[in-house]
Amino acid sequence: MERLFEKVISLKQYDRTFDPYSLCATLDIEILYFELGDILGFKTTYCDVSLIYLNQQLDTTTQRFVVAHELGHILLHKGIRPLLLQYTAHSRFISHFEAEADRFAIILLLCHYYTTTNLEAAPDTLMYELGIPKHCKALFLDTFSQMQLQHQRFAQLLL
């Protein structure tokens, strides 16, 4: 988690916010809205141009999480082609990348929350407000508790 938190904090050099949409705009990552059925979203990179395809049927909070998740893939997994991995690699390998992108998104959204609001919300409420999917609950609670344990250190870094 430490490496992911440092990666999120380093984004402050590009934009003074942790808002995934603002960061995408600053990093020239275009977000395209489509009807994608059961697919929440995905990223693609071609000739060093990154695009995020987002399911337009999702509610806005879920869309924000998906953008943060795909931004995590773009920043953390350069040169890795998920569709190729899906067919050639062990599923645990793919799961590692998905879990890492989920944790990145959770950290990014928590940082955004803590820098834009003075409210202290309960974890379940916060999870709902941030659009964290139910399948990420254990990961969210773990990340949330680790950030709470190191609150003073993280608070200084967020300034």
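Residues numbered from 1 in each chain as written. Predicted model: local features only at pLDDT ≥ 70, side-chain atom pairs only at ≥ 80, totals over all residues. Heavy atoms only, no water.

S.K.: Even after reading the chapter, I still don't get the packing of aromatic side chains, so can you show me in this structure?
M.R.: With the rule as written, the count across this model stands at four aromatic pairs. Ring geometry for Tyr113 against Tyr114: centres 5.5 Å apart, planes inclined by 75°, an arrangement best described as edge-to-face. Summarising the aromatic geometry, the rings of Phe140 and Phe144 are spaced 5.8 Å apart at their centres and angled 25° between planes, so their arrangement reads as stacked. Within this pair, Phe140 and its partner Phe144 are both found in helix 7 (residues 137-149), separated by four residues, close to a single helical turn. (Phe/Tyr/Trp six-rings, centres within 6.5 Å; stacked < 30°, edge-to-face > 60°. Helix = DSSP H or I, 4+ residues; strand = E, 2+ residues; numbered from the N terminus.)

S.K.: How should the sheet that holds strand 2 (residues 41-46) be read in this particular structure?
M.R.: If you trace the three strands from one edge of the open sheet to the other, you get 1-3-2, paired in mixed fashion. Edge strands, defined here as strands with exactly one partner in the open sheet, are strand 1 (30-34) and strand 2. Each strand of the sheet is rotated relative to its neighbour by a mean of 25°, with strand direction disregarded. Direction of pairing for strand 1 relative to strand 3 (residues 49-55): parallel, over a ladder of five bridges. (Pairing = 2+ DSSP bridges. Axes fitted to C-alpha atoms, helices over the stretch in contact; angles between N-to-C directions.)

S.K.: When you look at the pattern of salt bridges in this model, what are you seeing that I'm missing?
M.R.: A side chain with one charge can pair with a side chain of the opposite charge if their charged atoms come near. Overall, the coordinates contain four salt bridges when judged by the stated rule. One salt bridge connects Asp124 with Lys137, and the closest N-O pair in it is separated by 3.3 Å. Residue Asp124 is located in helix 6 (residues 123-129), and its partner Lys137 is located in helix 7; the two are separated by 13 residues in the primary sequence. The class of Asp124 is partly exposed, set by a relative accessible area of 48%. (Salt bridge = Lys/Arg side-chain N within 4 Å of Asp/Glu carboxyl O. Buried < 20%, exposed > 50% of the residue type's maximum accessible area, 1.4 Å probe, protein only.)

S.K.: Can you walk me through the nonpolar core in this structure?
M.R.: If you look at soluble globular proteins, the nonpolar side chains tend to sit buried side by side. One finds Leu108, Leu110, Leu126, Ile132 and Phe140 to be the most contacted residues of the largest nonpolar core, which totals 41 residues. Of all the secondary structure elements, the ones that give two or more residues to this core are helix 1 (2-10), helix 2 (20-26), strand 3, helix 3 (60-76), helix 5 (91-116), helix 6 and helix 7. No other element matches helix 5, which puts 10 residues into this core. In this structure Phe140 touches Ile106, Leu110, Pro123, Leu126, Met127, Leu130 and Ile132, once residues within four positions along its chain are discounted. (Core = buried A, V, L, I, M, F, W, Y, C linked by side-chain atoms within 4.5 Å. Contact = heavy atoms within 4.5 Å.)

S.K.: Is there a simple way to explain the environment of Arg3 in this structure?
M.R.: The topology assignment puts Arg3 in helix 1. The spatial distance from the C-alpha of Arg3 to the C-alpha of Phe104 is 9.6 Å, given a sequence separation of 101 residues. Ignoring any residue separated from it by four or fewer positions in sequence, one finds Arg3 in contact with Leu76 and Glu100.

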